[in-house]
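This is what each chain is made of:
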Amino acid sequence: MTVQTERPPSGPVDVAKRDESGPAGPRPRAASRAAALTPYLLLLPACAATVLLLGWPLLKDVLLSFQNLNMAQLIQHVTEWNGIDNYKEVLTGEDFWRVTLRSILFTAVNVVLIMILGALVGLLLARLGKRMRVMLLIGLVLAWAMPVVAATTVYQWLFAQRFGVVNWVLDKLGWHSMADYSWTSSQMSTFFVVTVLIVWMSIPFVAINLYAATTTIPGELYEAASLDGAGAWKSFTTVTLPFLRPFLYATTFLEIIWVFKAFVQVFTINGGGPDRLTEILPVYAYIEGVGNQHYGMGAAIAVLTILILLGLTAYYLRIVLKQEEEEV
Amino acid sequence: MKRSLFGRLWPNVTAVVLFIGFVFPVYWMFATAFKPTGDIISEDPVWFPTDVTFEHFRKATGVDHFWTYVSNSLIVTLCAVGFALVVALAGSFALARMRFKGRRGFVIGFMMAQMAPWEVMIIAMYMIVRDASMLNSLVPLTVFYMMMILPFTILTLRGFVAAVPRDLEEAAMVDGCTRAQAFRKVILPLLAPGLMSTSLFGFITAWNELPLVLVLNKEAEAQTLPLWLSSFQTAFGNDWGATMAASSLFAVPILILFVFLQRKAVSGLTAGAVKG
């Protein structure tokens, strides 16, 4: 998950204005045909890897979702096709819809928090003096660089029932019932911990990139706005916000996609518990499929999750590609 | 006057509060790792450790197979990043420097691949690896990690290749270099920062990966550090000192790489190359 920490680069892609095949006058035909093939040959390893290592698992997932595959079939290596039974069972069951609704709410709350707080921190960075800005940037980069599994473990310790710092602080603040509170004992408190963790991890990306984007806003725009008599708020809504809008759109969708598949945080904090009440779709697919060994069912849930993500991704790509076209 | 003082004060105060909020979890991890157990389980937290102990680190690294996990993680991560760089370099050169039919399609394809929902596909990957009798092996892990970071590597390198001025390459070719030589002697050195930053992010992803190794490799000999760390707390009950020492050991390579390499990698090398 951490890898997509940068917006896909949209640099000067179309630098290649001239035709590649003949920079040095006419050439023999064989050579120019070879030159025409070169880009495809260069891309061949990457494409082969993608088809084999990404396309095949995707296809396999779809195939598995039409099979009756439980522990018995797995051990005996038999393939039992059962048509759309898995989908029927998943879609008519109550669990799937409950988990889907939960995933959507979970994603919405997290993304709203990340975007609002991240944007505020980004704008604050732009306002600070140099020394304070560097200090805050160091803090943000540290949180950003923290590996997910390590961060999750640390949060378990911060929110530990005994000797956890959070409970101690709440107790000292006068909330004495929290002194020995077990954060993993209820659905809402588990989600609260996961949300704090995800928001803490995600704000640096939004804030630092937003700050970088604000530095590219030409100062003349603000001058013009103030000449027109615009106050701080007015110049924010007429200059800053329109300038940052494409960035905000793209980042929001990126965050939606990331939070939607936040498997590691949810799974590691409490394994989807208590009583499977904090399972979001990827965790649900894993626990149904691998944990309860209903592999076919798990695959069907996975396919449905992938379809939702595909919709989100397509929308994100539309935004990014449109931006890239405008920039070129 | 009063108001302007307040106006100057509140951003700085907020910044300090935020700084503490972002740094505290990281600080607390290290602080707990070095504190004697007595200070960890005291009724009031010991904010600044005064007695430093390495006991927890000894305990964390003394776990069975610890060095196997370390070497497994290193092998898998470095191989995945290395393969991805080689494959991506060829592809990104084509995408950045050549005009051909379907180029845009390739770019969109890799963008889609970058968003691949790996967390959800583990059941299918488990079946594929099992049918190939490759469970508990490092090979499938390496290969899949390579694929997880490949699209990002291609797309990022594409930007870096495109940023290398075309004149430099042409000048080298005028001086008698072949295209391949021009690539090796001119473009590759200029790409060094790009290669560094992309491999950094690739390294982080592969180093962190948990869901796949969780499903594929049940035997200790084939496990990696994230799996060790995520099961550490369960295995050691509430020994937070050792757990935090384990977390620190896991996080330190990434923190160092990230904090020091990112800035270096981002600053371009080409700035002065065309002038003069």
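Reading the values: the criteria
Residues numbered from 1 in each chain as written. Chains lettered and ligands numbered in written order. Predicted model: local features only at pLDDT ≥ 70, side-chain atom pairs only at ≥ 80, totals over all residues. Helix = DSSP H or I, 4+ residues; strand = E, 2+ residues; numbered from the N terminus. Rg over C-alpha atoms; globule rule 2.2 N^0.38 Å. Buried ≥ 20, exposed ≤ 12 C-beta atoms within 10 Å, placed from the backbone. Contact = placed C-beta atoms within 7 Å. Core = buried A, V, L, I, M, F, W, Y, C linked by C-beta atoms within 7 Å. Domains from an automatic or database assignment. Axes fitted to C-alpha atoms, helices over the stretch in contact; angles between N-to-C directions. Parallel < 35°, antiparallel > 145°, perpendicular 65-115°, else oblique. Left-handed = near helix turned anticlockwise from the far one by under 90°. Nonpolar A, V, L, I, M, F, W, Y, C, P; charged D, E, K, R; others polar. pLDDT = per-residue confidence, 0-100. Expected span 1.5 Å × (residues − 1).

Caption draft 1: Representation of the overall build of chain B within the structure. Within chain B, the regular secondary structure consists of 12 helices and 0 strands. Taken from the N to the C terminus, the helices and strands of chain B come in the order α-α-α-α-α-α-α-α-α-α-α-α. For a compact globule of 276 residues, the expected C-alpha radius of gyration is about 19 Å, and chain B comes in at 24 Å, more than 25% above that figure. Taken over the C-alpha atoms alone, chain B extends approximately 75 × 75 × 30 Å along its principal axes.

Caption draft 2: Local environment of the overall build of chain A. Helix and strand counts for chain A stand at 13 helices and 0 strands. Each of the 328 residues in chain A was classed as buried or not, and the buried ones make up 39%. Sequence separation of 24 or more characterises 67% of the internal contacts of chain A that already satisfy a separation of 6 or more.

Caption draft 3: Just the nonpolar core, in detail. Residues and elements named next belong to chain B. By size, the foremost hydrophobic cluster in this structure holds 162 residues, and its most contacted members are Ile-149 and Leu-150. With 16 residues, helix H7 (residues 138-163) is the largest single contributor of residues to this core. When we break this core down by domain, the ones giving at least three residues each are domain 1 (2-53) and domain 2 (65-270).

Caption draft 4: Quick peek at the packing of helix H8 (residues 187-214) of chain A against helix H11 (residues 263-270) of chain A. Residues and elements named next belong to chain A. Viewed as axis vectors pointing N to C, H8 and H11 meet at an angle of 135°, and their least axial separation amounts to 10 Å. Viewed along their axes, H8 and H11 adopt a mutual orientation that is oblique. In this structure, H8 meets H11 at a crossing whose hand is right-handed. Residue-level inspection shows Thr-190, Val-193, Val-194, Leu-197 and Ile-198 of H8 in contact with H11, the latter providing Gln-265, Val-266, Ile-269 and Asn-270. Looking at the contact of H8 with H11 residue by residue, the classes come out as 6 nonpolar, 3 polar and no charged.

Caption draft 5: Just the interface of chain B and chain A, in detail. Facing the 82 residues of chain B at the interface are 78 residues of chain A. Taken together, the residues of the side of chain B that touches chain A sort by class into 63 nonpolar, 14 polar and 5 charged.

Caption draft 6: Just the packing of helix H5 (residues 103-114) of chain B against H7 of chain B, in detail. Residue and element names in this part refer to chain B. Running from amino to carboxyl end, H5 crosses H7 at an angle of 135°, the nearest separation of the two axes being 8 Å. Judged on the interaxial angle alone, H7 and H5 are oblique. Judged by the twist between their axes, the crossing of H5 over H7 is left-handed. Contact residues: H5 offers Phe-110, Met-111, Ala-113 and Gln-114, while H7 offers Pro-151, Phe-152, Ile-154 and Leu-155. In the contact of H5 with H7, the residues fall into 7 nonpolar, 1 polar and no charged.

Caption draft 7: Geometry of the environment of Val-23 of chain B. Residue position: Val-23 of chain B is located in helix H1 (residues 2-34). Residues Val-23 of chain B and Ala-84 of chain B, spaced 61 residues apart in sequence, show a C-alpha to C-alpha distance of 33 Å. When near neighbours in sequence (up to four residues on either side) are disregarded, Val-23 of chain B contacts Gly-139 and Leu-142 of chain A.

Caption draft 8: Structural view of the domain arrangement of chain B. Residue and element names in this part refer to chain B. The domains assigned to chain B are domain 1 (2-53) and domain 2 (65-270). Here domain 1 and domain 2 have C-alpha centroids that lie 34 Å from each other. Across the contact, 7 residues belong to domain 1 and 6 residues belong to domain 2. Listing elements by their share of the side of domain 1 that touches domain 2, those giving two or more residues are H1 and helix H2 (37-40). Tallied by class, residues from the side of domain 1 that touches domain 2 come to 4 nonpolar, 2 polar and 1 charged.

Caption draft 9: Representation of the confidence of the model for chain B within the structure. All names here are of chain B. Per-residue confidence for chain B averages 85 on the pLDDT scale, and 93% of its residues sit at or above 70. Ranking the elements of chain B by mean pLDDT puts helix H12 (residues 240-266) last with 81 and helix H4 (residues 66-97) first with 93. Per-residue pLDDT stays below 50 along residues 265-276; that stretch engages in 21 contacts with residues further than four places along the chain or on separate chains. Both scores are given for the predicted complex: the pTM is 0.86, the ipTM 0.86.

Caption draft 10: Up close: H11 of chain A. When you tally the buried positions in H11 of chain A, you get 8 out of 8 residues, the bulk of the element. Considered for burial, the residues of H11 of chain A that qualify are Phe-263, Val-264, Gln-265, Val-266, Phe-267, Thr-268, Ile-269 and Asn-270 of chain A. Its buried side turned inward, H11 of chain A meets helix H6 (148-158), H8 and helix H12 (281-291) of chain A together with helix H10 (211-216) and helix H11 (225-235) of chain B. Of the residues flanking the end of H11 of chain A, it is Gly-271 of chain A, one or two places downstream, whose phi is positive at about 60°.

Caption draft 11: Fine view of unusual backbone geometry. With phi around 50°, Asp-275 of chain A is a residue other than glycine that occupies positive phi space. Judged by the 9 C-beta atoms lying within 10 Å of it, Asp-275 of chain A is exposed. With a phi angle near 70°, His-65 of chain B is a residue other than glycine that sits in the positive phi range. A residue is classified by how many C-beta atoms lie within 10 Å of it, and His-65 of chain B, with 13 of them, is partly exposed.

Caption draft 12: Region of the structure containing the environment of Phe-106 of chain A. Residue and element names in this part refer to chain A. Summarising the element assignment, Phe-106 is placed in helix H4 (residues 94-127). Between the C-alpha atoms of Phe-106 and Thr-195, which are 89 residues apart in sequence, the distance is 8.3 Å. Other than its neighbours up to four places away in sequence, Phe-106 contacts Phe-191 and Ile-280.

Caption draft 13: Looking closely at helix H5 (residues 130-145) of chain A. Taking 1.5 Å as the rise per residue, H5 of chain A with 16 residues should run 22 Å; its terminal C-alpha atoms sit 22 Å apart, in good agreement. Among all positions in H5 of chain A, only Leu-136, Gly-139, Leu-140, Leu-142, Ala-143, Trp-144 and Ala-145 of chain A are buried.

Caption draft 14: Focus on the confidence of the model for chain A. All names here are of chain A. Scored by pLDDT, chain A comes out at a mean of 85, with 90% of its residues at no less than 70. When pLDDT is averaged over each element of chain A, H4 comes out on top at 94 and helix H9 (residues 219-227) at the bottom at 85. Low pLDDT, under 50, characterises residues 1-26; the stretch is placed with 53 contacts to residues that sit more than four places away or in other chains.

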